[in-house]
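Coordinates in review
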Amino acid sequence: MVFTHSHSDHLNTTEICFRLREMASVIQKKDKEVMEIYGNDAVRDCIMEIIAKDPHVDLTRMRFHRIQKFEPFRIGHLKFTPLKAYHKLDEEALIFVIEDGRSTLLYANDTGALPEETLDFIEQQNIKFDVVSMDTCRGILDGDTHMGIRENVELRERLRRMHAVTPDTEYYLNHYSHMCGMIPQEYERLVDQEGFLLTYDGLSVTV
């Protein structure tokens, strides 16, 4: 499991506890299965806080990996490079560059306009994205620690100037919410005019 930050809609600590209990189905195998968890310090602290209250949790079933911005790590055939997000400002919230050796994804979910140090890193590392997934929670409203359509367009143009995308790069907008100022059908028509695809539950994308 890879976590971007510790907000409860992204980190379900109760579910993690259930899966670490002795009779959890996830570990009902001959050899004990270890849950690998990747996250920042705040993610670790939130998990440990609730685990401390559950006497049925077996900590030997969990291995926590502390991750930090700009320090790549691998899970199987995937390479993850954490980048600094502009979100939950009391911790180091993250987004990711995810690579499989063939394609490269910018996973910019749950963030406002990207910090300059993140954009500088992308440019300095000469990263080129096949797919860009962007938060669009704010819709037509002003961005904050989430992006809206204005920030989505600005990020695409910045990536173009940095030569971090190509004419074939695909752009997906996610995290659409009730605060966006338009109903989904209206917003979908708006983002379509910009060449973006508004995502939906169950969408599957082949890269």
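One structure accompanies this document, and this report is about it. Chains are numbered independently. Their residues run from 1 in the order of the written sequence. Residues qualify for local features only when their pLDDT is at least 70, as the model is predicted, and side-chain atom pairs are given and counted only at 80 or more; totals for whole chains, interfaces and linings, by contrast, use all residues. With hydrogens and water set aside, each side-chain value is computed from the structure's full complement of heavy atoms.

1. A closer look at the nonpolar core
Ranked by size, the top nonpolar core spans 29 residues in total, and within it Leu106, Phe129, Val132, Met134 and Leu159 carry the most contacts. Elements are defined by DSSP. Helices are runs of H or I of four residues or more, strands are runs of E of two residues or more, and each kind is numbered from the N terminus. Every element with two or more residues in this core is listed here: β5 (94-99), β6 (104-108), α3 (116-124), β7 (129-135), α4 (149-161), β8 (165-174) and α5 (184-193). Definition used in this section: a nonpolar core is a set of buried Ala, Val, Leu, Ile, Met, Phe, Trp, Tyr and Cys residues joined via side-chain atoms within 4.5 Å. Using a 1.4 Å probe on the protein chains alone, a residue whose accessible area is under 20% of its type maximum counts as buried, one over 50% counts as exposed, and one in between counts as partly exposed. Counting 12 residues, the second largest nonpolar core, distinct from the first, contains Phe3, Cys17, Met35 and Met62.

2. A word on the side chain of Ser133
Structurally, Ser133 is set in strand β7. Should any heavy atoms of two residues lie within 4.5 Å, those residues are considered in contact. Beyond its immediate sequence surroundings of up to four residues, Ser133 is in contact with Leu105, Leu106, Tyr107, Ala108, Asn109, Tyr172 and Asn174.

3. Re the environment of Lys53
Along the chain, the position of Lys53 falls in the loop between α2 (41-51) and β2 (62-66). Separated by 13 residues in sequence, Lys53 and Asn40 have C-alpha atoms that sit 21 Å apart.

4. Focus on the packing of aromatic side chains
Here the aromatic set is Phe, Tyr and Trp, taking the six-membered ring for Trp, and pairing holds for ring centres within 6.5 Å; pairs whose planes are under 30 degrees apart are stacked, those over 60 apart are edge-to-face, and all others are tilted. Under the definition given, this model contains 7 aromatic pairs. Between Phe73 and Phe80, the ring centres sit 5.2 Å apart and the planes meet at 5°, which makes this aromatic pair stacked. Of the two residues, Phe73 and Phe80, both sit in the buried class. Between Phe80 and Phe96, the aromatic rings sit 5.9 Å apart at their centres with planes inclined by 90°, giving edge-to-face as the arrangement. Highlighted residues: Phe80 in strand β4 (residues 78-84) and Phe96 in strand β5, separated in sequence by 16 residues. For the pair formed by Phe80 and Phe96, the shared burial category is buried. Taken together, the aromatic side chains of Tyr38, Phe73, Phe80 and Phe96 make up a single cluster linked through ring pairs.

5. Concerning α3
Of all the residues in α3, the buried ones are Thr118, Leu119, Phe121 and Ile122. One side of α3 carries all its buried residues, which in axial view fall inside an arc of 155°. Tucked inside the fold, the buried residues of α3 contact β4, β7 and α4. A positive backbone phi angle near 55° is found at Asn126, which sits one or two residues after α3. Here, the arc refers to the directions that run from the helix axis to the C-beta atoms.

6. Some thoughts on the pairing of β2
A pair of strands counts as paired when DSSP detects no fewer than two bridges linking them. Two elements, strand β1 (residues 35-39) and β2, share 5 bridges in a ladder whose sense is parallel. Of the residues in β2, the one forming a bridge with Glu36 is Arg63. Orient the strands so they point away from the viewer; a crossover is then right-handed if the path from the first strand over the helix to the second runs clockwise. Following the backbone out of β1, through α2 and into the adjacent parallel β2, one traces a crossover that is right-handed.

7. Regarding the sheet that holds strand β9 (residues 197-198)
One open sheet holds the 7 strands; their spatial order is β3-β4-β5-β6-β7-β8-β9, and the pairing between them is mixed. Two strands bound the open sheet, and with one partner strand each, they are β3 (73-75) and β9. Bridge count between β3 and β4: 3 bridges; the pairing is antiparallel. Bridge pairing links Phe73 to Phe80 in β4. The axes are straight lines fitted to the C-alpha atoms, using for helices just the contacting stretch, and the angles between their N-to-C directions are given from 0 to 180°. Strands β4 and β7 of the sheet are contacted by α3, whose axis makes an angle of about 140° with β4.

8. Focus: the side chain of Asp58
Position of Asp58 relative to the elements: it lies in the loop between α2 and β2. The exposure class assigned to Asp58 is buried, which follows from its relative accessible area of 18%. Polar contacts, as used here, are pairs of N or O atoms within 3.5 Å; protein pairs need one atom able to donate a hydrogen and one able to accept it. Residues neighboring in sequence count only if both atoms are side-chain atoms. Looking at Asp58, its side chain comes within polar contact range of the side chain of Thr60, at 2.6 Å.

9. So, α4
To estimate how far a helix should reach, multiply one less than its number of residues by 1.5 Å. Along its 13 residues, α4 runs 19 Å from first to last C-alpha, staying within 8% of the 18 Å computed at 1.5 Å per residue. Listing the buried residues of α4 in full gives Ile149, Glu151, Asn152, Leu155, Arg156 and Leu159. For α4, the arc enclosing every buried residue in end-on projection is 160°, short of the 170-degree limit, so these residues lie on one face. Its buried side turned inward, α4 meets β6, α3, β7, β8 and α5. The positive-phi residue at the C-terminal boundary of α4 is His163, with phi of around 60°.

10. Thoughts on the pattern of salt bridges
The term salt bridge refers to a side-chain nitrogen of Lys or Arg lying within 4 Å of a carboxyl oxygen of Asp or Glu. Applying the stated criterion across every chain yields a total of 15 salt bridges. Residue Asp90 pairs with Lys88 through a salt bridge whose shortest N-O separation is 3.0 Å. Judged by relative accessible area, Asp90 falls into the exposed class, the value being 65%. Residue Glu194 pairs with Arg156 through a salt bridge whose shortest N-O separation is 3.1 Å. Here Glu194, found in the loop between α5 and β9, pairs with Arg156, found in helix α4; they are 38 residues apart in sequence, far enough to count as distant. When its relative accessible area of 6% is taken as the criterion, Arg156 is described as buried. A single salt-bridge network, built from bridges that share partners, covers Asp41, Arg44, Asp45 and Arg66.

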